[in-house]
Amino acid sequence: MKFDYKPYRQTVPDDELLSDLKRVFFLCNTDTLTMMQYSTEGKYDCSTILRRFGTWNSALQKLGIHLTQQFWTEEDLFKNLETVWSKKGSQPRRRDMDNKNISNISSGAYLRKFGRWSNALKAFVEFINSEDSLEQESTSNSNMEREESNIHSTKRDINLRLRFKVLQRDNFKCCICGRSPATTPGLKLQVDHIKPWSNGGESVIDNLQTLCSDCNLGKSNLAFNLNVN
Ligand SMILES: [Zn+2]
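It should be emphasised that the depicted structure is a prediction, and the values quoted were computed from it without experimental measurement.

Peer 1: Please clarify how unusual backbone geometry should be interpreted in this entry.
Peer 2: With glycine set apart, most residues show a phi of negative sign, and most peptide bonds adopt trans. Unlike most non-glycine residues, Asn171 shows phi in positive territory, near 55°. Looking at where Asn171 falls in the secondary structure, it is placed in the loop between helix H10 (160-169) and strand S1 (189-193). Although it is not a glycine, Phe172 adopts a positive phi angle of roughly 55°. Note that Phe172 resides in the loop between H10 and S1.

So, in structure tokens, the structure goes:
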């Protein structure tokens, strides 16, 4: 006599999950399918689909459905624009945003937010040129904090505006080796304190420089060796 293994609960095959997703997708007649939409019409629990495929988007991807539209904040959009700008080394064109090698957010998201590509660029430049009035106020308001951060009148973190100004001043190139992501794909640029913040250096444009991650690492190794010897 042979024993047959009978699982207590039959696991739904991937194909079955996907075909039910597809059914609801066509039923809803939209360009993408949200978890909310699926949970009202679908046969299975969204959590089952997430467990099986990792993320909602990867389940949709398997069906070739457009990914759930993501709602990016203005900060996300500006950060990504800054990244693309420095990787390209010059003002990006709309189509650069759709190049997945250098951009995480497609041009469509910018158009939804700003209407036209030129408006997105104008808003970004305006943002970069605006003063950090709020941040300056908050540092001068709190004397306690100022004492705590010792001699510093600026924060250690280099904000997006300042970062971009430094990158732009240095032509999106490493100040030591001269390489840029535009000519060396994959190269990472970092903005570095010339006089280290830990030695009293401030986060101001004159004390900042653009370095690639290799040179920046070399710089800190050198400093480390000098300290040790
Ligand atoms: Zn370098």
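Moving on from the coordinates now.
Peer 1: What should I look at first to understand the packing of helix H3 (residues 46-53) against helix H4 (residues 56-63) in this one?
Peer 2: Two numbers describe how H3 lies on H4: the axes approach to 8 Å, and their chain directions differ by 80°. Between H3 and H4, the angle is such that the two are roughly perpendicular. Residues Ile49, Leu50 and Phe53 of H3 pack against Trp56, Ser58, Ala59 and Lys62 of H4. Among the residues making up the contact of H3 with H4, the classes are represented as 5 nonpolar, 1 polar and 1 charged.

Peer 1: How should the packing of helix H1 (residues 14-28) against H4 be read in this particular structure?
Peer 2: A pair of packed helices is characterised by two quantities: the angle between their axes and the separation of those axes. One can describe the packing of H1 onto H4 by two numbers: an axis separation of 10 Å at closest approach and a directional angle of 85°. The orientation of H1 relative to H4 falls into the category roughly perpendicular. Residues Leu18, Leu21 and Lys22 of H1 lie in contact with H4, whose contacting residues are Ala59, Lys62 and Leu63. Looking at the contact of H1 with H4 residue by residue, the class counts come to 4 nonpolar, no polar and 2 charged.

Peer 1: Is there a simple way to think about the pairing of strand S2 (residues 208-212) in this case?
Peer 2: Along a regular strand, successive side chains alternate from one face of the sheet to the other. Most of S2 is tucked away: 5 of the 5 residues are buried. Side chains Leu208, Thr210 and Cys212 of S2 all project onto a buried face; the interleaved residues Gln209 and Leu211 project onto the opposite face, where all are buried too. Judged from the 5 bridges that link them, S1 and S2 form a sheet pairing that is antiparallel. Looking across to S2, one finds that Leu189 is bridged to Cys212.

Peer 1: Is there a simple way to think about H1 in this case?
Peer 2: Since there are 3.6 residues in each turn of an α-helix, residues three or four apart along the chain are aligned in direction. In this model H1 runs 21 Å from its N-terminal to its C-terminal C-alpha over 15 residues, within 8% of the 21 Å that 1.5 Å per residue would give. Directly beyond the C-terminal end of H1, a positive phi value near 55° is found at Asn29.

Peer 1: For this particular structure, what's the right way to read the confidence of the model for the protein?
Peer 2: As a general rule, the predicted coordinates of low-pLDDT regions are not to be interpreted in detail. Mean pLDDT over the protein: 83, with 79% of residues reaching 70 or higher. Confidence drops under a pLDDT of 50 for residues 134-141, and excluding neighbours within four residues, the segment shows 1 contact in the predicted structure.

Peer 1: Looking at this model, I keep getting lost on the environment of Ala120. Mind explaining?
Peer 2: Mapped onto the elements of the fold, Ala120 is located in helix H7 (residues 117-129). Judged by local crowding, Ala120 falls into the buried class, with 22 C-beta atoms found within 10 Å. Separated by 39 residues in the primary sequence, Ala120 and Leu81 place their C-alpha atoms 9.3 Å from one another. The residues touching Ala120, leaving out its near neighbours within four places in the chain, are Tyr110 and Phe114.

Criteria and cut-off values
- Residues numbered from 1 in each chain as written.
- Predicted model: local features only at pLDDT ≥ 70, side-chain atom pairs only at ≥ 80, totals over all residues.
- Helix = DSSP H or I, 4+ residues; strand = E, 2+ residues; numbered from the N terminus.
- Axes fitted to C-alpha atoms, helices over the stretch in contact; angles between N-to-C directions.
- Parallel < 35°, antiparallel > 145°, perpendicular 65-115°, else oblique.
- Contact = placed C-beta atoms within 7 Å.
- Nonpolar A, V, L, I, M, F, W, Y, C, P; charged D, E, K, R; others polar.
- Buried ≥ 20, exposed ≤ 12 C-beta atoms within 10 Å, placed from the backbone.
- Pairing = 2+ DSSP bridges.
- Expected span 1.5 Å × (residues − 1).
- pLDDT = per-residue confidence, 0-100.

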